Amino acid sequence: MKCRVCRGPAVIDIRRHNANFCEEHFLKLCHDQVTRAIAAFDMLSPGDRVLVAVSGGKDSLALWDILLDLGYEVDGLYLGLGIGEYTEASGCHVRRFARARGLNLREVDLRSEHGFDIPNGSRAAKRPPCSACGLSKRHLFDRATRDGGYDALATGHNLDDEAAVLFGNVLRWEGEYLARQLPVLPAGNGFPRKVKPLVRLSERETAAYCVLRGIDYQVEECPMAEGNRHLGYKAALNAVEAQSPGTKHTFYFNFLDRAAGLFRDRMTEAEAGLDTCTRCGSPAAGEICSFCRLAERATGAGPPVRPGSRSQDGVLA
Ligand code: Q46
Ligand code: ZN
Ligand code: ZN
């Protein structure tokens, strides 16, 4: 197996590129793919201050590493979800990564700062864990980006994630979700700019990137993911990709080129109906945003009101 670029011994084959790469040229490929995604979708400008949402997994740590290499000013944000040993181990990976490189890591702990964690909060609110978790993450990431004065929030969604989410949304023709399934969402309506610079890399590639760069990441999957529909969509797409390499890339990028625009009106409609949460000042689909409603049900009280504060919440929670 020889590297496509230098003909030296290759360490990885990438079937959708029909090519093999040595360590040096694979790492370069990862950087180039991120640079290309950032440029193609106008995600970031030189000098932008970026907050990267880090979970301790391969994608978010690879993203933090690559954005730093590309010269951006990047801090990390870790959210303690209170999912037992999984959360403890994830936090250790993130802290170790930040400490070793002298990086600025912000932390938000759901239990101590908001009075609930994902297992007990989702039970009390009668919501599936991943639904309670997703809306909490969106709300708290947006809030930290706004409060910290960052230009953008970056998340480690990779090509496999985006293709699987797209697959699920297409199966149900979820127009509002399809309207928002873009690699960049501009700032507006109280939300920060959100970017996904890893959309041109697969999860196998982000894992290989971490191994080659010596990044020690959380390998365990979240125990609450079991039965999650998203995993089923990933498995189905993996089966198709094995038969026909490149299908995920084509599915996702052709959606962006040919179909995403058809749903744009749905985003405008959803945003037109937004109000301001009377508790925390976030954009909300009613009087109280979905995070404050969740916190209220999960704790039997609700988070303290912060007069004059304006944070943000996921519209589609
Ligand atoms: S952390 Fe949260 Fe995931 Fe765990 S509870 Fe579900 S959404 S599976 S990325
Ligand atoms: Zn090479
Ligand atoms: Zn609120």
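Our structure's up above, just so we're on the same page.
Bear in mind the structure is a predicted one, so any value in this text is a computation, not a measurement. (Residues numbered from 1 in each chain as written. Chains lettered and ligands numbered in written order. Predicted model: local features only at pLDDT ≥ 70, side-chain atom pairs only at ≥ 80, totals over all residues. Heavy atoms only, no water.)

**Details of the overall build of the chain**
And then number 1: The helix and strand tally for the chain stands at 13 helices and ten strands.
And then number 2: With respect to the principal axes defined by its C-alpha atoms, the chain has extents near 65 × 45 × 40 Å.
And then number 3: The proportion of buried residues among the 317 residues of the chain is 52%.
And then number 4: Long-range pairs, those at least 24 residues apart, make up 70% of the contacts in the chain between residues at least 6 apart in sequence.
And then number 5: Working note: accessible area of the chain is about 14700 Å², and carbon and sulfur atoms make up 50% of it.
And then number 6: A gap of 2 Å separates the mean positions of the 41 positive and 40 negative side-chain charges of the chain. (Helix = DSSP H or I, 4+ residues; strand = E, 2+ residues; numbered from the N terminus. Buried < 20%, exposed > 50% of the residue type's maximum accessible area, 1.4 Å probe, protein only. Contact = heavy atoms within 4.5 Å. Areas by Shrake-Rupley, 256 points an atom, 1.4 Å probe, with all protein chains shown as cover. Lys, Arg positive; Asp, Glu negative; His and termini not counted. Charge placed at Lys NZ, Arg CZ, Asp CG, Glu CD.)

**Comments concerning the coordination of the zinc ion (ligand 2)**
Put simply, the ideal angle at a metal is 109.5 degrees for four donors in tetrahedral geometry and 90 or 180 degrees for six donors in octahedral geometry.
And then number 1: Here the zinc ion (ligand 2) is held by the protein donor atoms Cys3 (SG), Cys6 (SG), Cys22 (SG) and His25 (ND1), which lie 2.1 to 2.3 Å from it.
And then number 2: In this structure, the zinc ion (ligand 2) is coordinated by four donor atoms arranged in tetrahedral fashion, with angles at the metal of 96 to 115°.
And then number 3: A relative accessible area of 40% means that cysteine 6 is categorised as partly exposed.
And then number 4: The buried category is assigned to cysteine 22, whose relative accessible area is 9%. (Donors = N, O, S within 2.8 Å, 3.2 Å for Na, K, Ca; no water. Tetrahedral: all angles 85-135°; square planar, octahedral: opposite > 155°, others 65-115°.)

**Section: the site of ligand 1**
And then number 1: All residues adjacent to ligand 1 are Leu81, Ile83, Cys130, Cys133, Lys137, Cys222, Met224 and Ala225.
And then number 2: Within the shell around ligand 1, the residues separate by chemical class into seven nonpolar, no polar and one charged. (Near = heavy atom within 4 Å. Nonpolar A, V, L, I, M, F, W, Y, C, P; charged D, E, K, R; others polar.)

**Points about the packing of helix H2 (residues 58–69) against helix H3 (residues 84–101)**
And then number 1: Running from amino to carboxyl end, H2 crosses H3 at an angle of 15°, the nearest separation of the two axes being 11 Å. One finds that H2 runs roughly parallel with respect to H3. The handedness of the crossing between H2 and H3 comes out as right-handed. Across the interface between the two elements, Leu61, Trp64 and Asp65 of H2 pack against Phe97, Ala98 and Arg101 of H3.
And then number 2: Taken together, the residues of the contact of H2 with H3 sort by class into four nonpolar, no polar and two charged. (Axes fitted to C-alpha atoms, helices over the stretch in contact; angles between N-to-C directions. Parallel < 35°, antiparallel > 145°, perpendicular 65-115°, else oblique. Left-handed = near helix turned anticlockwise from the far one by under 90°.)

**Here we look at the nonpolar core**
And then number 1: With 54 residues, the main nonpolar core has Phe26, Met43, Leu44, Trp64, Leu67 and Tyr209 as its most contacted residues.
And then number 2: Membership of the second largest hydrophobic core comes to 30 residues, among which are Leu79, Ile118, Ile288 and Ala295. (Core = buried A, V, L, I, M, F, W, Y, C linked by side-chain atoms within 4.5 Å.)

**A short note on the coordination of the zinc ion (ligand 3)**
And then number 1: Within the protein, the atoms that donate to the zinc ion (ligand 3) are Cys277 (SG), Cys280 (SG), Cys289 (SG) and Cys292 (SG), at distances of 2.3 Å.
And then number 2: The coordination sphere of the zinc ion (ligand 3) comprises four donor atoms, whose angles at the metal cover 104 to 112°; the geometry is tetrahedral.
And then number 3: All donors to the zinc ion (ligand 3) come from one chain, and their sequence spacing reads C-x2-C-x8-C-x2-C. Here cysteine 280, found in the loop between strand S9 (275–276) and strand S10 (283–284), pairs with cysteine 292, found in helix H13 (residues 290–299); they are twelve residues apart in sequence, far enough to count as distant. The two residues cysteine 280 and cysteine 292 agree in class, both being buried.

Limitation: the analysis is restricted to geometry and does not speak to function.
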